[in-house]
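# Observations on the three-dimensional arrangement
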Amino acid sequence: MSSIVETRNLRMYYTVRQGLFKTVPVKAVDGVSMNIKAAETLALVGESGCGKTSLGRTTLRLLEPVSGELIFKGKDITHDSQQSLKWLRRDAQIIFQDPYSSINPYMNIHQIMEEPLIIHKIEDADKRTEMIYRALEEVRLYPVDEVVRKYPHMLSGGQRQRVTFARALLLDPTYIVADEPVSMIDASSRVELLQILSNLQKLHNLSILYITHDISTAKYVSNRLAVMYVGKMVERGDVLKVIGKPLHPYTQGLIASVPDPDPSNRLSYREVIPGEPPNAINPPAGCRFHTRCPHVMPICSEKEPKLIEIEQGQDAACFLYHKEFVEEEQPGDKR
Ligand SMILES: Nc1ncnc2c1ncn2[C@@H]1O[C@H](COP(=O)(O)OP(=O)(O)O)[C@@H](O)[C@H]1O
Ligand SMILES: [Mg+2]
């Protein structure tokens, strides 16, 4: 299966001020190689601040990489001008966490849905209406002729998020970044929304980067799972394999801290993985997880493990499984 999106050693740094005259880089995405195949959903998980949003937005060139390569449908678009990327603004879409701020409260649903069609020059008004109705039906917002006349405040959070799904799909994109699309939605509506997303994925053969801090929702929508820690990918593989038998100690901690239905068995995330994640300005040398890892060895603070296949269809970057595969320093690396 061919890749729709591929990154090779991609880096994206923010620049922040420290004091009056000094600026320092925040290494939000720090050498990530990954791919998303045609018609597959890759779940990207990791705790808040590990770089998921930054990676997702960099794959759309909404944030600019500082180094590495970004390939979209086989074409290297790392250095293409924004002007020449208009096609990407149609072929790739993003769904945000907060359906309240991502749609205009003063427009009705028809107007909200029509806006991108006008921007992308679908001239025929009847054709636009037909496209809007079809998209709203696909996200099961019935009866459509009532829904189109409503304003966002008349809808629940879950219904509003369905409008943003429908709007993202109007122009028939190939790739969608769904950035925590259910984390602000009532728990009771989450599974249904994820099922809608999963149905849309199949119906339109979409490639989706599904970003979540909640590893337990990943299995509803994704084929593969990738785990990030402080700007790096530490594990990835078939979603059921990774959840069933996580290899990296960080992934093991994330999974152990998923709430158990029985409250007496619940462990908080902090009990499982003590301490705070290090900051992305000054990440630890070697394996970035070594400062919190229960299996830490001397090599872990000296060298950086490479992400390699450990079991069939499952990769991890951890010296527990190999000592010989060390990440080489890249030119320009100052760590
Ligand atoms: N606009 C910004 N300016 C500076 N640093 C930022 C900015 N946005 C995010 N960061 C930092 O980049 C890192 C990754 O953030 P983010 O990609 O938002 O993580 P996640 O989506 O996994 O929560 C964090 O250390 C965060 O504090
Ligand atoms: Mg985020």
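This text follows the structure it describes.
Described in the following lines is the structure provided in the data block. (Residues numbered from 1 in each chain as written. Chains lettered and ligands numbered in written order. Predicted model: local features only at pLDDT ≥ 70, side-chain atom pairs only at ≥ 80, totals over all residues. Heavy atoms only, no water.)

For the chain, the count of helices and strands is eleven helices and twelve strands. A compact globule built from 335 residues should have a C-alpha radius of gyration of about 20 Å, and the chain, at 21 Å, falls within 12% of that. In terms of its C-alpha atoms, the chain occupies a principal-axis envelope of roughly 65 × 55 × 50 Å. Carbon together with sulfur atoms contributes 52% to the accessible area of the chain, which is approximately 16,200 Å² in total. Placing the 41 positive and 42 negative side-chain charges of the chain at their respective mean positions leaves the two points 3 Å apart. (Helix = DSSP H or I, 4+ residues; strand = E, 2+ residues; numbered from the N terminus. Rg over C-alpha atoms; globule rule 2.2 N^0.38 Å. Areas by Shrake-Rupley, 256 points an atom, 1.4 Å probe, with all protein chains shown as cover. Lys, Arg positive; Asp, Glu negative; His and termini not counted. Charge placed at Lys NZ, Arg CZ, Asp CG, Glu CD.)

Within the open sheet, the four strands sit side by side as S2-S1-S4-S5. Their pairing is antiparallel. Each having just a single partner strand, strand S2 (22–37) and strand S5 (75–76) make up the two edges of the open sheet. Pairing of strand S1 (residues 3–18) with strand S4 (residues 67–72) involves five bridges; the strand directions are antiparallel. Note that in S4 the partner of Arg 8 across the bridge is Glu 69. Of the strands in this sheet, S1, S2 and S4 touch helix H1 (residues 52–59), which is tilted by about 120° from S1. (Pairing = 2+ DSSP bridges. Contact = heavy atoms within 4.5 Å. Axes fitted to C-alpha atoms, helices over the stretch in contact; angles between N-to-C directions.)

Moving on: the pattern of salt bridges. What the rule picks out here adds up to 14 salt bridges. Between Glu 69 and Arg 8 there is a salt bridge, with its nearest N and O atoms 3.0 Å apart. With a gap of 61 residues between them, Glu 69 in strand S4 and Arg 8 in strand S1 connect regions that are remote in the sequence. Taking relative accessible area as the criterion, Arg 8 reaches 37% and is therefore assigned partly exposed. With a shortest N-O distance of 2.8 Å, Arg 11 and Asp 30 are connected by a salt bridge. Of this pair, Arg 11 sits in strand S1 while Asp 30 sits in strand S2, and the two are 19 residues apart along the sequence. A residue is classified by how much of its surface remains accessible, and Arg 11, at 5% relative accessible area, is buried. (Salt bridge = Lys/Arg side-chain N within 4 Å of Asp/Glu carboxyl O. Buried < 20%, exposed > 50% of the residue type's maximum accessible area, 1.4 Å probe, protein only.)

Taken together, the residues surrounding ligand 1 are Tyr 14, Val 16, Val 26, Ala 28, Glu 47, Ser 48, Gly 49, Cys 50, Gly 51, Lys 52, Thr 53 and Ser 54. Gly 49 is positioned with one of its backbone polar atoms (N or O) 2.6 Å from an oxygen atom of ligand 1. Contact between ligand 1 and Thr 53: an oxygen atom at 2.8 Å from a side-chain N or O atom of the residue. Coverage of ligand 1 by the protein amounts to 63% of the 550 Å² it exposes when considered alone. By residue number, the principal contributor to the shell around ligand 1 is H1, which donates three residues. Of the residues in the shell around ligand 1, the class split is five nonpolar, five polar and two charged. (Near = heavy atom within 4 Å. Polar contact = N/O pair within 3.5 Å; in protein donor to acceptor, adjacent residues only side chain to side chain. Nonpolar A, V, L, I, M, F, W, Y, C, P; charged D, E, K, R; others polar.)

Here the focus is the packing of aromatic side chains. Throughout the structure, instances matching the rule amount to five aromatic pairs. Look at Tyr 229 and Phe 289: their rings are 5.1 Å apart centre to centre, the planes differ by 85°, and that puts the pair in the edge-to-face class. Note that Tyr 229 is positioned in strand S9 (residues 224–229) and Phe 289 in the loop between helix H11 (269–272) and strand S11 (308–311), a separation of 60 residues in sequence. Grouping residues by exposure puts Tyr 229 and Phe 289 together as buried. Its guanidinium or amino end placed over the ring of Tyr 220, Lys 219 lies 5.3 Å from that ring's centre, counting from NZ or CZ. (Phe/Tyr/Trp six-rings, centres within 6.5 Å; stacked < 30°, edge-to-face > 60°. Lys NZ or Arg CZ within 6 Å of the ring centre and 35° of its normal.)

Moving on, we come to the environment of Arg 61. Examined against the element boundaries, Arg 61 turns out to sit in the loop between H1 and S4. Given the relative accessible area of 4%, Arg 61 is considered buried. Measuring from C-alpha to C-alpha, the distance between Arg 61 and Asp 76 comes to 12 Å, with 15 residues separating the pair along the chain. With residues near it in sequence (within four places) discarded, Arg 61 still touches Leu 70, Ile 77, Thr 78, His 79, Asp 80, Gln 82, Leu 85 and Arg 89.

Another aspect to go through is helix H4 (residues 125–138). For H4, spanning 14 residues, the distance from its first C-alpha to its last is 20 Å, which sits close to the expected 20 Å at 1.5 Å a residue. For H4, the complete set of buried residues consists of Arg 128, Met 131, Ile 132, Ala 135 and Leu 136. One side of H4 holds all its buried residues, which, seen down the axis, span an arc of 130°. Facing away from the buried side of H4 by more than 90 degrees, the exposed set consists of Asp 126 and Glu 130. Considering only its buried residues, H4 is in contact with helix H3 (109–119), helix H5 (144–147) and helix H6 (157–169). Arg 140 lies just past H4 and shows a positive phi near 60°. (Expected span 1.5 Å × (residues − 1). Arc of directions from axis to C-beta.)

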